Amino acid sequence: MGIEFQAADVEFLALDDEGFIYSAEMEMLVGLNRTATFIWRACTADRTLREVIALTADEFDLPLDTADTFVKLAVVEWENYGLLKDSYRGSNARLHLEDRPVDIQPPESPVFPAAETIFETRCYAVLDMTFTVTCQTAAQAERLHAVAGHLEIAVEAALSPITINILGEDGAQEIFANGRLSERCDTLSELAPLIHWLIFSSALLDDRFALQLHTAAVAREGHALLLSGPAGTGKSTLSAALLDEGFGYLSDDTVVLDRHSFHVRGLPFSICVKESGLALLDGVASKKTLLHLRTDGRRVHYRHPAPGSLIVEPQAACWVAFPRYTPDAAGEIREITSAEALRRLLDQSIAPRHLSRQTAVGLISWAAQLQCCELDFPDTRSAIDAIQKFCSQ
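Residues numbered from 1 in each chain as written. Predicted model: local features only at pLDDT ≥ 70, side-chain atom pairs only at ≥ 80, totals over all residues. Heavy atoms only, no water.

A.B. asks: Hey, could you go over the overall build of the protein chain for me, with residue numbers and the actual values?
C.D. replies: Looking only at helices and strands, the protein chain features nine helices and 22 strands. Counting all 393 residues of the protein chain, 49% fall into the buried class. The long-range share in the protein chain, meaning contacts at least 24 apart out of those at least 6 apart in sequence, stands at 66%. By element, 51% of the accessible surface of the protein chain is carried by carbon and sulfur atoms, the whole surface being about 19,400 Å². (Helix = DSSP H or I, 4+ residues; strand = E, 2+ residues; numbered from the N terminus. Buried < 20%, exposed > 50% of the residue type's maximum accessible area, 1.4 Å probe, protein only. Contact = heavy atoms within 4.5 Å. Areas by Shrake-Rupley, 256 points an atom, 1.4 Å probe, with all protein chains shown as cover.)

Written out as structure tokens, the structure is:
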């Protein structure tokens, strides 16, 4: 008897010699490496599981027991994702409106006391949203300027859908959003990261984007270079260094892809460099460097992008690099497939609330056009040289 295990709503979408599984019901895209792609395609109604194991062993020159392990691990993973017939989808299925509890109300937040003294009011633009921010002291304004000063727009140009008020003196700080208390912190040094998070998360509430990627991005000549990877791999440090080489600035942490064109749009806050990474940037580390305390306990410095480097227009993605700071590395580029790059990007992304089949297919077509590589680098100079060579091919 053959295998009939794939859920009715799933579809295989090919990219290079690999592929992705799209689930229409869960609006989810799952990447497969070359081995998993072969196993998925081999599992058909006219083959038994034992035959699939034998085919896998023959294709990859594996012992039967190793192929047996690979095939069974793949099946278990697909079942966990809810991609197989009759598999449980409770942890993966999206929450429908009628499933949401309607009798639970959040506690009332304190209201901004309108009579408080205001030191200054400034307005900022991120993506298509504007923010009006008031500060009570010069010290608050200095912290706010560190993270978003280059995003300031004229007060009269702001549509001001969101108003942020900062209250406090030298000690505890309170941040109000549209009149309601949003964040509190004990010290002034914690203020800027909280403001950054509040503006960042508010700007991303819009559902017009195909995907939110945890990646830095710079650009030149109308084409974007994505620098992707988990925290601590050197994305921000490398982004700052590339700006000094003439690249334009999109973001040091997060970008979104336009739902229709898949062009890259950045959230171009100041470049956030951890205290430990300041020594890698020329002219930044000093006793006068203003440091901020994040909620994860790390002390960071916010560096404004170089004058004239800020890019707010959507850019067509051309290159994707996965950098990693490694002290003893040779600093050489290793090209990878578009499928591997897309899998890594998805691993570093926030799943969209509505991933239609059209968007899933568009993502795969978008990735197929990218030049992709990974880079282990021992210092910023070698990384810059390698990236510039890669982008000139």
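Moving on from the coordinates now.
A.B. asks: Please give an account of the sheet that holds strand β17 (residues 292–293) that cites residues and values.
C.D. replies: Pairing in this open sheet of three strands is antiparallel, and the strands run β16-β18-β17 from one edge to the other. Because the sheet does not close on itself, it has two edges, and the strands there are β16 (271–274) and β17. Where β16 lies against strand β18 (residues 299–303), four bridges are found, and the strand directions are antiparallel. Each residue of the ladder has a partner; that of C272, found in β18, is Y302. (Pairing = 2+ DSSP bridges.)

A.B. asks: Can you tell me about the packing of helix α1 (residues 34–42) against helix α2 (residues 49–60), naming the residues and giving the values?
C.D. replies: The contact between α1 and α2 brings their axes to 10 Å, and the two run at 145°. For the pair α1 and α2, the crossing hand works out as right-handed. Contacts from R34, T35, F38, I39 and A42 of α1 reach α2 at V52, L55, T56, E59 and F60. Classifying every residue of the contact of α1 with α2 gives six nonpolar, two polar and two charged. (Axes fitted to C-alpha atoms, helices over the stretch in contact; angles between N-to-C directions. Left-handed = near helix turned anticlockwise from the far one by under 90°. Nonpolar A, V, L, I, M, F, W, Y, C, P; charged D, E, K, R; others polar.)

A.B. asks: Can you explain the packing of aromatic side chains? Please cite residues and give values.
C.D. replies: Here the structure, examined in full by the defined rule, presents four aromatic pairs. Ring centres 4.9 Å apart and planes at 85° place the aromatic pair W40 and W78 in the edge-to-face group. Of this pair, W40 sits in helix α1 while W78 sits in helix α3 (residues 64–81), and the two are 38 residues apart along the sequence. W40 sits in the buried class, given a relative accessible area of 4%. Residue classification places W78 among the buried residues on the basis of a relative accessible area of 2%. (Phe/Tyr/Trp six-rings, centres within 6.5 Å; stacked < 30°, edge-to-face > 60°.)

A.B. asks: Residue-level account of helix α5 (residues 191–203), with values.
C.D. replies: The first and last C-alpha atoms of α5 sit 19 Å apart over 13 residues, in line with the 18 Å expected at 1.5 Å per residue. The buried count for α5 comes to 11 of 13 residues, which makes it a mostly enclosed element. The set of residues buried in α5 consists of L191, A192, P193, L194, I195, H196, L198, I199, F200, S202 and A203. (Expected span 1.5 Å × (residues − 1).)

A.B. asks: A description of the state of the cysteines should follow, citing residues and the corresponding values.
C.D. replies: Using the criterion set out here, one finds zero disulfides in the structure. With no disulfide of its own, C372 has C373 as its nearest cysteine by sulfur position, at a separation of 7.9 Å. (Disulfide = S-S within 2.5 Å.)

A.B. asks: Break down the nonpolar core for me, with residues and values.
C.D. replies: Generally speaking, a soluble globular protein has its nonpolar side chains buried in company with each other. Formed by 36 residues in total, the largest nonpolar core has its most connected members in V126, L127, F131, I164, I195 and L267. Mapped by element, the contributors of at least two residues to this core are β4 (120–126), β5 (129–135), α4 (138–148), β7 (162–168), β8 (173–177), α5 and β18. For this core, the element with the highest residue contribution is α5, accounting for eight residues. Discounting residues that sit within four places of it in the chain, I195 has contacts with L144, V147, I164, I166 and I175. Judged by nonpolar contacts, the second largest core, of 35 residues, contains A224, A317, L345 and L370. (Core = buried A, V, L, I, M, F, W, Y, C linked by side-chain atoms within 4.5 Å.)

A.B. asks: Got a sec to walk through the pairing of strand β1 (residues 10–15)? Specific residues and values, please.
C.D. replies: Here β1 runs beside strand β2 (residues 18–23); their pairing, made up of six bridges, is antiparallel. What sits directly across from L15, in β2, is E18. Where β1 hands over to β2, the hairpin turn is made up of two residues, of which D16 adopts a positive phi near 55°.

A.B. asks: Please set out the environment of M28 residue by residue, giving values where relevant.
C.D. replies: In this structure, M28 sits in strand β3 (residues 28–32). Along the chain, M28 and S356 lie 328 residues apart, while their C-alpha atoms are 8.4 Å from each other.

A.B. asks: If you had to explain unusual backbone geometry to someone new, which residues and values would you point to?
C.D. replies: Residue D16 is not a glycine yet carries a positive backbone phi of 55°. Exposure remark for D16: the relative accessible area of 45% places this residue in the partly exposed category. The phi dihedral of L127 is positive, around 55°, even though this residue is not glycine. Its location among the elements puts L127 in the loop between β4 and β5. Residue class for L127 comes out buried when judged on its relative accessible area of 16%.

A.B. asks: Break down the pattern of salt bridges for me, citing the residues and quoting the values.
C.D. replies: Going through the model one piece at a time under the given rule, you end up with 18 salt bridges. For D128, the salt bridge goes to R265, with nearest N and O atoms at 3.1 Å. Of this pair, D128 sits in the loop between β4 and β5 while R265 sits in strand β15 (residues 264–266), placing them 137 residues apart in sequence. R294 is the salt-bridge partner of D296, the closest N and O atoms lying 2.8 Å from each other. Exposure remark for D296: the relative accessible area of 46% places this residue in the partly exposed category. Judged by its relative accessible area of 23%, R294 falls in the partly exposed class. Because the salt bridges share partners, they merge into one network encompassing R334, E340, R344 and E374. (Salt bridge = Lys/Arg side-chain N within 4 Å of Asp/Glu carboxyl O.)

Note that every value here comes from positions in space, so none of it alone points to a role or purpose.
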